[in-house]
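Overview (structure and organization)
Chain by chain, the residues run as shown.
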Amino acid sequence: MADEALFLLLHNEMVSGVYKSAEQGEVENGRCITKLENMGFRVGQGLIERFTKDTARFKDELDIMKFICKDFWTTVFKKQIDNLRTNHQGIYVLQDNKFRLLTQMSAGKQYLEHASKYLAFTCGLIRGGLSNLGIKSIVTAEVSSMPACKLNLHFL
């Protein structure tokens, strides 16, 4: 339980630090999300490498996505993805109805515009993990009501 609290605090400080440096002129404001996503990308690469060292090879993309939704997500966020959908043509939608990095914020719509900066690291985390498994992808996130989020994955 302590490691979860530390992860949440570290994530909040990363987001805060990146945006504070943008306010001080060190980083352009538009590059903050890219910087957070790149941090997540590198962490995702490392985590997938560590988590899959003792597992058998994956058969296909769907097998990889099941691993991401069950094992990877559970290890990082302490719960499984609530819903995984696909069109079997390289598009996947992952839905988490109580996303841990957004639960600290209000359940109302007042902080909805700030949600994207708290999801950038996670998008990079998934993209980095998939990259290390040999899949190039585009990962975007959308939030319509807090703390639920949808992650759209498009395999290239």
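Here we summarise the structure given alongside this text. The structure displayed is predicted, hence computed values, not measured ones. (Residues numbered from 1 in each chain as written. Predicted model: local features only at pLDDT ≥ 70, side-chain atom pairs only at ≥ 80, totals over all residues. Heavy atoms only, no water.)

A look at the packing of aromatic side chains
What the rule picks out here adds up to 6 aromatic pairs. Centroid distance F58 to F67: 5.2 Å. Interplanar angle 55°. Geometry classified as tilted. Look at W73 and F99: their rings are 5.8 Å apart centre to centre, the planes differ by 35°, and that puts the pair in the tilted class. Taken together, the residues span a long stretch of sequence, with W73 in helix α3 (residues 61-77) and F99 in the loop between β2 (91-96) and α4 (115-132) at a distance of 26 residues. Here the aromatic residues W73, F77 and F99 are joined through ring pairs into a cluster of three or more. (Phe/Tyr/Trp six-rings, centres within 6.5 Å; stacked < 30°, edge-to-face > 60°. Helix = DSSP H or I, 4+ residues; strand = E, 2+ residues; numbered from the N terminus.)

A word on α4
Its 18 residues give α4 an end-to-end C-alpha distance of 27 Å, which sits within 8% of 26 Å, the value for a rise of 1.5 Å per residue. Taking burial as the measure, the 18 residues of α4 include 14 buried ones, the bulk of the element. (Expected span 1.5 Å × (residues − 1). Buried < 20%, exposed > 50% of the residue type's maximum accessible area, 1.4 Å probe, protein only.)

Some points on the layout of surface pockets
The space that makes up the largest pocket amounts to roughly 300 Å³. Those elements giving two or more residues to the lining of the largest pocket turn out to be α1 (2-23), α2 (32-51), α3 and α4. Tallying contributions element by element places α1 first for the lining of the largest pocket, with 6 residues. Residue classes in the lining of the largest pocket are distributed as 10 nonpolar, 1 polar and 4 charged. (1 Å grid on protein atoms, 1.4 Å probe; cavity = no way out; pocket = protein on both sides within 12 Å on 5 of 7 lines; lining within 4 Å. Points joined across faces, edges and corners; volume = space filled by probe spheres on them. Nonpolar A, V, L, I, M, F, W, Y, C, P; charged D, E, K, R; others polar.)

Things to note about the packing of α3 against α4
Where α3 meets α4, the closest approach of the two axes is 12 Å, and the angle between their N-to-C directions is 130°. The angle between α3 and α4 falls in the class oblique. Crossing of α3 against α4: the hand is right-handed. Between α3 and α4, the contacting residues are I64, M65, I68, F72, W73, V76 and F77 on the first element and T122, L125, I126 and L130 on the second. Residues of the contact of α3 with α4, tallied by class, amount to 10 nonpolar, 1 polar and no charged. (Axes fitted to C-alpha atoms, helices over the stretch in contact; angles between N-to-C directions. Parallel < 35°, antiparallel > 145°, perpendicular 65-115°, else oblique. Left-handed = near helix turned anticlockwise from the far one by under 90°. Contact = heavy atoms within 4.5 Å.)

What to know about the side chain of D96
The topology assignment puts D96 in strand β2. A distance of 3.1 Å separates the side chain of D96 from the backbone nitrogen of K98, its partner in a polar contact. Ignoring any residue separated from it by four or fewer positions in sequence, one finds D96 in contact with W73, K79, I81, D82, P147, A148 and C149. (Polar contact = N/O pair within 3.5 Å; in protein donor to acceptor, adjacent residues only side chain to side chain.)

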